[in-house]
Protein chains: 2
Amino acid sequence: MGELMTETQQSPSPAVEGPGPDRGPVLVRQHGPPETQEATAVLERARTSVDPELRRAVESLPAPLRRVALYHFGWEHADGTPAAGNAGKAIRPALVLAATAALGGHRATAVRAAAAVELVHNFTLLHDDVMDRDTTRRHRPTAWAVFGDADAVLTGDALQALAHRLLAGDPHPAASAAAVRLADCVVELCAGQQADTAMERRDPGDITLDEVLAMAEAKTGALLGCACAIGALYAGADDADVEALDAFGREAGLAFQFIDDVIGIWGDPRSTGKPAGADLVARKKSLPVVAALASGTPAAAELAELYRVPYRDGELERTADAVERAGGRDWAQIQAADRMAAALDHLARAVSDPEAAEGLLSLAEFVTRRSG
Amino acid sequence: MGELMTETQQSPSPAVEGPGPDRGPVLVRQHGPPETQEATAVLERARTSVDPELRRAVESLPAPLRRVALYHFGWEHADGTPAAGNAGKAIRPALVLAATAALGGHRATAVRAAAAVELVHNFTLLHDDVMDRDTTRRHRPTAWAVFGDADAVLTGDALQALAHRLLAGDPHPAASAAAVRLADCVVELCAGQQADTAMERRDPGDITLDEVLAMAEAKTGALLGCACAIGALYAGADDADVEALDAFGREAGLAFQFIDDVIGIWGDPRSTGKPAGADLVARKKSLPVVAALASGTPAAAELAELYRVPYRDGELERTADAVERAGGRDWAQIQAADRMAAALDHLARAVSDPEAAEGLLSLAEFVTRRSG
């Protein structure tokens with residue numbers, strides 16, 4: 001689920017300024033269509049509410065772990081000097097708060113829970129980066145690349161503990177139900193990452209569409225769903241509404257994943273994301289690729305042949321074309337639209353007033369907006 | 001805190017029988033002095049109470065993580081066939097239950113909390129083994145050695161989540177206070193392991209006694225203290241008694257660590273533990289070594305000279321002798337006795353009836369018994 005965090009160029013956070021060895025490129029603040037502007041406002045408001053709680057939790061860590069966490073969240077440079085901060089777009093905490101508001105609760109009561117969800121997300125980023133050997137996140141070297149594997153793993157462990165601690169110490173009547181959901185979600189996130197790392201080692205032709213869909217739901221959908229469900233719990237919603245909000249977040253998360261996978265092959269129509277073809281060069285078993293391989297078409301056989309060996313220069317167009325001819329692109333785009341429609345249906349079940357649903361809708365559109 | 005688990009030859013669990021690629025050596029059940037027999041009974045009773053809860057939690061994991069966890073706990077062989085089980089001695093869950101009983105509570109009410117403590121312990125073992133590249137635990141290959149780093153890290157993450165989930169779903173009135181303590185303890189365990197891994201890379205002469213004591217308390221004392229404190233919470237004990245029980249467990253844990261470190265140099269008087277000198281060969285900065293190096297004696301300088309380079313055959317006696325002449329052995333033995341005395345003082349503050357304290361006392365004697 002690192003993908004949502006890599007779109008820093010569209011980040012509502014101000015550009016990272018100030019000198020420092022890990023300074024990223026200067027980012028240009030973008031202004032999109034009205035729904036993007038609304039989402040940006042929702043995200044900024046969430047970041048403002050949740051950051052003090054998040055920061056207090058991180059500051060409570062013993063010094064060596066605190067240092068890694070402050071770096072990871074962008075609040076410090078690698079040398080320990082303060083940084084302007086670029087802790088990602090706060091989509092998950094914003095979903096918690098927007099869900100609470102949508103179901104008639106008070107946003108302020110759910111701030112601690114929102115911080116807990118964000119801590120879980122960042123714990124998984126720290127660990128995933130170690131396992132995936134990813135060297136860059138949010139335009140800076142990853143924590144393990146700066147501090148070593150052990151410090152990154154241990155800081156991730158500590159962030160998970162802080163997340164559970166926030167909920168355990170929260171007197172809100174929904175806190176223990178939220179804690180159960182969050183713990184279950186962590187198990188699902190771990191299972192999703194396990195499936196992902198295991199697939200990396202497998203022959204692409206042996207991977208079924210069901211498997212890769214289940215993996216995407218566990219890695220990407222589960223925490224978005226959990227964030228929405230926890231928000232609903234903090235509004236005192238009944239079980240049916242909590243489950244509807246969970247389903248809304250899951251489906252929106254899957255819609256995002258389909259769009260992100262399309263961008264990973266054919267590039268971002270807004271030219272702000274990863275370069276076209278990156279997933280093909282890395283031989284990633286993304287959703288369109290697995291769908292194409294499973295299509296039983298001549299193009300599938302051609303694609304399988306290409307994927308059998310590492311990427312060779314100049315093959316990009318041919319590979320992308322094979323995925324497209326095998327139906328992978330159309331399928332992914334239809335799936336994205338279907339998932340988004342399903343998300344909206346789930347939301348409408350729980351929140352019938354369109355005005356109340358507005359915050360959640362703008363966030364769902366925001367995470368999938370690159371399709372527009 | 002792997003050390004408590006390596007004494008499998010004195011384990012109260014039956015020897016691992018049955019064929020399997022990961023079968024350890026056949027273990028001989030030992031019968032010690034009366035207090036050991038009592039502790040053995042306390043441990044067996046705890047294992048019997050807690051195992052079903054622990055197993056239920058592990059069985060709830062998705063298949064790929066469950067498989068790693070079942071292997072780690074000794075309930076399955078690496079090939080997935082059932083194993084007789086050798087999940088360690090259950091000292092921490094036994095401390096939880098004994099503390100509950102000592103403070104007038106019902107053991108049965110604290111079984112879930114005891115399982116949560118054991119899950120946290122095992123999460124840290126899985127992660128520590130990855131970081132320390134330890135290849136053997138409980139006479140079998142470690143989980144990462146069998147399943148790879150990613151699976152071991154992710155299963156550890158999931159066990160931490162399961163621990164918090166058990167407490168979040170526990171209707172007992174002490175559950176949320178216990179959850180706060182357990183989460184705080186996880187942060188302390190992570191800080192202890194961080195300090196340990198960081199010390200490995202440092203010059204032994206730069207490490208202070210305070211640092212190595214703080215590390216031992218965080219790595220070894222914290223979870224034993226937390227187990228006792230949680231047990232007290234489940235008995236409805238007041239704050240003073242909860243803190244006294246925490247201090248009891250911490251001091252007993254430190255007493256254990258001093259004794260274990262003495263054994264790591266001069267061997268186990270009962271010849272059941274690790275071979276004499278193992279810690280010196282590995283150039284471990286154990287408590288007696290750091291104390292010796294800090295002594296300012298001629299023997300300290302000699303020891304520093306020896307530790308400056310990797311171990312060379314035949315140096316064992318000379319190195320152990322230098323630690324002893326520098327006062328490291330005497331200091332550690334006095335410290336162990338002092339810590340044990342402090343532990344008993346803390347216990348007496350909270351539990352004045354010697355009969356009620358008996359279970360906790362026998363466990364404290366058990367973990368430090370190798371001094372006898």
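Residues numbered from 1 in each chain as written. Chains lettered and ligands numbered in written order. Predicted model: local features only at pLDDT ≥ 70, side-chain atom pairs only at ≥ 80, totals over all residues. Heavy atoms only, no water.

J.: Is there a simple way to explain the interface of chain A and chain B in this structure?
T.: Accessible area lost upon the coming together of the parts serves often as the stated size of an interface. Each partner contributes to the interface: chain A provides 32 residues, whereas chain B provides 32 residues. For the pair chain A and chain B, the interface holds two salt bridges. In this structure, Arg165 of chain B and Asp184 of chain A form a salt bridge, with 2.5 Å as the shortest nitrogen-oxygen distance. In this assembly, chain A and chain B are joined by ten residue pairs in polar contact (both at pLDDT 80 or more). (Contact = heavy atoms within 4.5 Å. Salt bridge = Lys/Arg side-chain N within 4 Å of Asp/Glu carboxyl O. Polar contact = N/O pair within 3.5 Å; in protein donor to acceptor, adjacent residues only side chain to side chain.)

J.: In this structure, what is going on with helix α12 (residues 298–307) of chain B? I would like to understand it.
T.: Residue and element names in this part refer to chain B. Of all the positions in α12, only Ala299, Ala300, Leu303, Leu306 and Tyr307 are classed as buried. Down the axis, α12 shows its buried residues gathered within 120° of arc, on one side only. Residues of α12 that are buried in the fold lie against α10 (278–281), α11 (287–293) and α13 (316–325). (Buried < 20%, exposed > 50% of the residue type's maximum accessible area, 1.4 Å probe, protein only. Helix = DSSP H or I, 4+ residues; strand = E, 2+ residues; numbered from the N terminus. Arc of directions from axis to C-beta.)

J.: Explanation requested: helix α9 (residues 239–266) of chain B in the structure shown.
T.: Along an α-helix, a turn takes 3.6 residues, which lines up residues three or four apart on a common side. With 28 residues, α9 of chain B ought to run about 40 Å at 1.5 Å a step, and its terminal C-alpha atoms sit 41 Å apart, in line with that. Looking one or two places after α9 of chain B, you find Gly267 of chain B, whose phi comes out positive at around 90°. (Expected span 1.5 Å × (residues − 1).)

J.: Mind showing me how you'd approach the pattern of salt bridges here?
T.: Taken as a whole and assessed by the stated rule, the structure comprises 44 salt bridges over all chains. Of the charged contacts, one joins Glu217 of chain A and Arg250 of chain A as a salt bridge, the two residues approaching to 2.8 Å between their closest N and O atoms. With Glu217 of chain A in helix α8 (residues 209–234) and Arg250 of chain A in helix α9 (residues 239–266), this residue pair connects regions lying 33 residues apart in the sequence. Put simply, Arg137 of chain B and Asp129 of chain B hold a salt bridge, and the shortest N to O gap is 2.7 Å. As far as burial versus exposure is concerned, Arg137 of chain B and Asp129 of chain B are alike and both buried. Each of the salt bridges in this network shares a partner with another, and the network as a whole consists of Arg181, Glu188, Glu217, Glu243, Asp246 and Arg250 of chain A.

J.: Can you walk me through the confidence of the model for chain A in this structure?
T.: Reading fine detail from the predicted coordinates is not recommended where pLDDT is low. Looking at chain A, pLDDT values average 88 and 88% of them are 70 or higher. Within the model, pLDDT remains below 50 along residues 5–31 of chain A, and this stretch shows 62 contacts once partners closer than five positions in the same chain are excluded. (pLDDT = per-residue confidence, 0-100.)

J.: What am I meant to see in the packing of aromatic side chains here?
T.: How two aromatic rings sit relative to each other is given by the distance of their centres and the angle of their planes. Counted under the stated rule, the structure contains six aromatic pairs over all chains. Across from the ring centre of Trp144 of chain B, 3.9 Å away, lies the NZ or CZ of Arg133 of chain B, which sits over that ring. (Phe/Tyr/Trp six-rings, centres within 6.5 Å; stacked < 30°, edge-to-face > 60°. Lys NZ or Arg CZ within 6 Å of the ring centre and 35° of its normal.)

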